[in-house]
Amino acid sequence: MTLRETACNREINPETPARHRVQSKPIEPPPHINLVDPELYSHGDPFVQWRWLRANDPAHWHEPAELPGYWSLTRYEDVRTAYRDHETFSSAHGILLRPTDHGVDPGGGRTLALTDPPRHRQLRGVVDEWFTVRSVRTLEEEMRDIARAVVGDALAQESCDFVAEIAARIPLYVICKMMGIPESDWQYLYDLTSKAFADGDPLTRRFAHLDIMGYFENLQEEKAADPGDDLVSALATAIIDGDRLSPDDIILNCDNLLVGGTENTRISAAGGMLAFLQHPEQWDILRADPSLLPSAVEEVLRWTSTATHIMRTAVRPIEIHGKRIEPGDRVVFWLPSANRDETVFDDPDRFDVLRKPNRHLALGFGEHFCLGSVLAKSELRLLFAELLNSRVDIELAGEPKLLESIVVNGPESLPVRLTPRGA
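Note that the structure is a prediction, hence the values are computed from the model and not measured. (Residues numbered from 1 in each chain as written. Predicted model: local features only at pLDDT ≥ 70, side-chain atom pairs only at ≥ 80, totals over all residues. Heavy atoms only, no water.)

Peer 1: Sorry, what's going on with the overall build of the protein chain here?
Peer 2: Along the backbone of the protein chain there are 16 helices and 15 strands. Radius of gyration (C-alpha) of the protein chain: 21 Å, near the 22 Å computed for a compact globule of 423 residues. Summarising its shape, the C-alpha atoms of the protein chain cover approximately 60 × 55 × 40 Å along the three principal directions. Split into buried and exposed, the 423 residues of the protein chain put 51% on the buried side. Within the protein chain, contacts between residues separated by at least 24 positions form 70% of all contacts whose residues are at least 6 apart in sequence. Entry remark: accessible area of the protein chain is about 19300 Å², with carbon and sulfur atoms responsible for 50%. (Helix = DSSP H or I, 4+ residues; strand = E, 2+ residues; numbered from the N terminus. Rg over C-alpha atoms; globule rule 2.2 N^0.38 Å. Buried < 20%, exposed > 50% of the residue type's maximum accessible area, 1.4 Å probe, protein only. Contact = heavy atoms within 4.5 Å. Areas by Shrake-Rupley, 256 points an atom, 1.4 Å probe, with all protein chains shown as cover.)

Peer 1: Explain the sheet that holds strand 4 (residues 89-90) to me, please; I cannot follow it from the model alone.
Peer 2: Within a beta sheet, neighbouring strands are joined by backbone hydrogen bonds and run either parallel or antiparallel to one another. The sheet built from 5 strands is open, its strands ordered 2-3-11-8-4 with mixed pairing. One side of each edge strand has no neighbouring strand; the edge strands of this open sheet are strand 2 (59-62) and strand 4. Pairing of strand 4 with strand 8 (residues 309-314) involves 2 bridges; the strand directions are antiparallel. Residue pairing in the sheet places phenylalanine 89 in a bridge with alanine 314 of strand 8. (Pairing = 2+ DSSP bridges.)

Peer 1: Could you clarify how one ought to interpret the pattern of salt bridges in this entry?
Peer 2: Working definition: two side chains of opposite charge can pair if their charged atoms are close together. Under the counting rule described, the total for this entry stands at 26 salt bridges. We note a salt bridge from arginine 51 to aspartate 349, for which the minimum N-O separation is 3.7 Å. Of this pair, arginine 51 sits in helix 3 (residues 46-56) while aspartate 349 sits in the loop between helix 15 (335-338) and helix 16 (373-389), placing them 298 residues apart in sequence. Measuring nitrogen to oxygen at the nearest pair gives 3.1 Å for the salt bridge that ties arginine 417 to glutamate 395. Within this pair, whereas arginine 417 is found in strand 15 (residues 415-420), its partner glutamate 395 is found in strand 12 (residues 392-396), the two being separated by 22 residues in sequence. Judged by its relative accessible area of 34%, arginine 417 is partly exposed. One salt-bridge network, in which partners are shared between bridges, spans Glu140, Glu141, Arg144 and Arg381. (Salt bridge = Lys/Arg side-chain N within 4 Å of Asp/Glu carboxyl O.)

Peer 1: Explain unusual backbone geometry here, please?
Peer 2: Residues other than glycine predominantly adopt negative phi, and peptide bonds predominantly adopt the trans conformation. Between proline 117 and the following residue, proline 118, the backbone shows a cis peptide bond with an omega angle of 5°. In this fold, proline 118 is placed in the loop between strand 4 and helix 5 (119-127). Cis geometry is adopted by the peptide bond preceding proline 357, which originates at lysine 356 and carries an omega value of -5°. Positionally, proline 357 belongs in the loop between helix 15 and helix 16. The residue glutamate 158 is not glycine, and still its phi comes out positive at about 70°.

Peer 1: Where do I start with the nonpolar core in this structure?
Peer 2: Nonpolar side chains tend to gather and get buried jointly when the protein is soluble and globular. Phe131, Phe162, Phe216 and Met273 are the most contacted members of the largest nonpolar core, which has 87 residues in total. It is helix 12 (residues 247-278) that contributes the most residues to this core, 12 residues altogether. In terms of nonpolar packing, the next biggest core, distinct from the first, is built from 20 residues, Tyr76, Ala314, Phe333 and Leu361 among them. (Core = buried A, V, L, I, M, F, W, Y, C linked by side-chain atoms within 4.5 Å.)

Peer 1: Explanation requested: the confidence of the model for the protein chain in the structure shown.
Peer 2: The predicted coordinates should not be examined in detail at positions where pLDDT is low. Averaged over every residue, the pLDDT of the protein chain is 91; the share at 70 or more is 92%. Segment residues 1-26 is flagged for pLDDT under 50; beyond a separation of four residues in sequence, or across chains, it makes 40 contacts in the model. (pLDDT = per-residue confidence, 0-100.)

Peer 1: So what exactly am I meant to see when it comes to the packing of helix 12 against helix 13 (residues 280-288) here?
Peer 2: The angle between the axes and the distance between the axes are what describe a pair of packed helices. Orientation of helix 12 relative to helix 13, taken along the N-to-C sense of each, is 105°, at an axis distance of 4 Å. Considering their axes alone, helix 12 and helix 13 lie roughly perpendicular with respect to each other. For the pair helix 12 and helix 13, the contacting residues are Met273, Phe276, Leu277 and Gln278 in the first and Pro280, Gln282, Trp283 and Leu286 in the second. For the contact of helix 12 with helix 13, the class distribution of residues is 6 nonpolar, 2 polar and no charged. (Axes fitted to C-alpha atoms, helices over the stretch in contact; angles between N-to-C directions. Parallel < 35°, antiparallel > 145°, perpendicular 65-115°, else oblique. Nonpolar A, V, L, I, M, F, W, Y, C, P; charged D, E, K, R; others polar.)

Peer 1: What should I look at first to understand the side chain of histidine 62 in this one?
Peer 2: Of note, histidine 62 is situated in strand 2. Side chain to side chain, histidine 62 and serine 72 meet in a polar contact 2.7 Å long. (Polar contact = N/O pair within 3.5 Å; in protein donor to acceptor, adjacent residues only side chain to side chain.)

Peer 1: Looking at this structure, how should I read the sheet that holds strand 12?
Peer 2: With antiparallel pairing, the 3 strands of this open sheet are ordered in space as 5-15-12. Both outer strands of the open sheet, strand 5 (159-161) and strand 12, are each paired with one neighbouring strand and no more. The average undirected angle you get between the axes of adjacent strands in this sheet is 30°.

Peer 1: Looking at this model, I keep getting lost on the state of the cysteines. Mind explaining?
Peer 2: Joining two cysteines, a disulfide is a covalent bond between their sulfur atoms. Inspection of the entire model under this criterion finds 0 disulfides. Considering cysteine sulfurs only, cysteine 254 is the nearest to cysteine 176, which forms no disulfide, with 11 Å between them. The class of cysteine 176 is buried, set by a relative accessible area of 0%. (Disulfide = S-S within 2.5 Å.)

Peer 1: Looking at this structure, I do not really get the pairing of strand 8. What am I missing?
Peer 2: A regular strand places its side chains so that they alternate between the two faces of the sheet. Within strand 8, 6 of the 6 residues are buried, which leaves the element mostly enclosed by the surrounding structure. Taking every second residue as pointing to the same face, both faces of strand 8 are buried, with His309, Met311 and Thr313 on one and Ile310, Arg312 and Ala314 on the other.

See below:
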């Protein structure tokens, strides 16, 4: 169904091509549908619920509780079609489920992630050139040096937490460089982001995030007074509709870029390494033929689908699978479910570095296709290439700990042992 047909018919109910129709046994309903229990992602199996919803209730209403009521979309085609229909599904009211008593997201209508066209396109135009294929290629040698240094430090330890010592550092150092953050501050930002994104205490996370915002408040003032060739300077000097961005808008967009440039890549890298450790034959395939790295990275992104959910708010009525969604209703896209949809992906629960085609939605779609997609793929490719070139064997050195979160999913810690091959 085209976007025009969707807008005219106000319904998302695409016909599945005959070659993709799957005849399967009826799936028994799980005891209880609750996709917003953080423990489901750290100690449970959300795919049981997603599989049932795809088969039985692909537009499912969740009653309000601590979180507001919302609709769940779990099928690939529904998510893909809704992603590109920004005239019906708005980002400006928030893109993540928030407890009702937290109020609206302060970034609504002000940041790249939380705006609709035309404002979204205007903001994106300020920084877009930094994330093109050409721009990322000019950074590739520096990114390779960063990856080599980070992996080298980890190898010297013989064992480490792959998340903290490898996966978290590479994307953070790269985005810091792009934002014009002095290298002397990279470790400080690493410490803050580790607390803000991964600490188990909500209060610690909140205060660390406030410190990050405070850092960007000072940095944007410096860049406005003495701009350089970097992302923060681009935001600090941007003129949209004849006006400069307000300091608060610059700070919020800096925070948006830092989070977008680090968190999902960190978890994708760690989740991808865990997948290789759990499916060692796939690492052996990659080791035998490193030219498969691009398709392996795409499969890592599909398999990890680290952004667990993305939310939109309906701004006009629409019917989806016979359910009427009203203006103001929240609609949640469950990306890991869409990327395991059996009508789109052959044997979707198999991790396969040879998978082609691989039209996953891990990086979004349409207007909000990830700005940093080229950068993220390059970072993952360079990281795994460095590990392949290092001639070490990697094995688990303890039990992985998964994040307890409904926002992002994957390893919180991944203890590994690094042994020179043949030792």
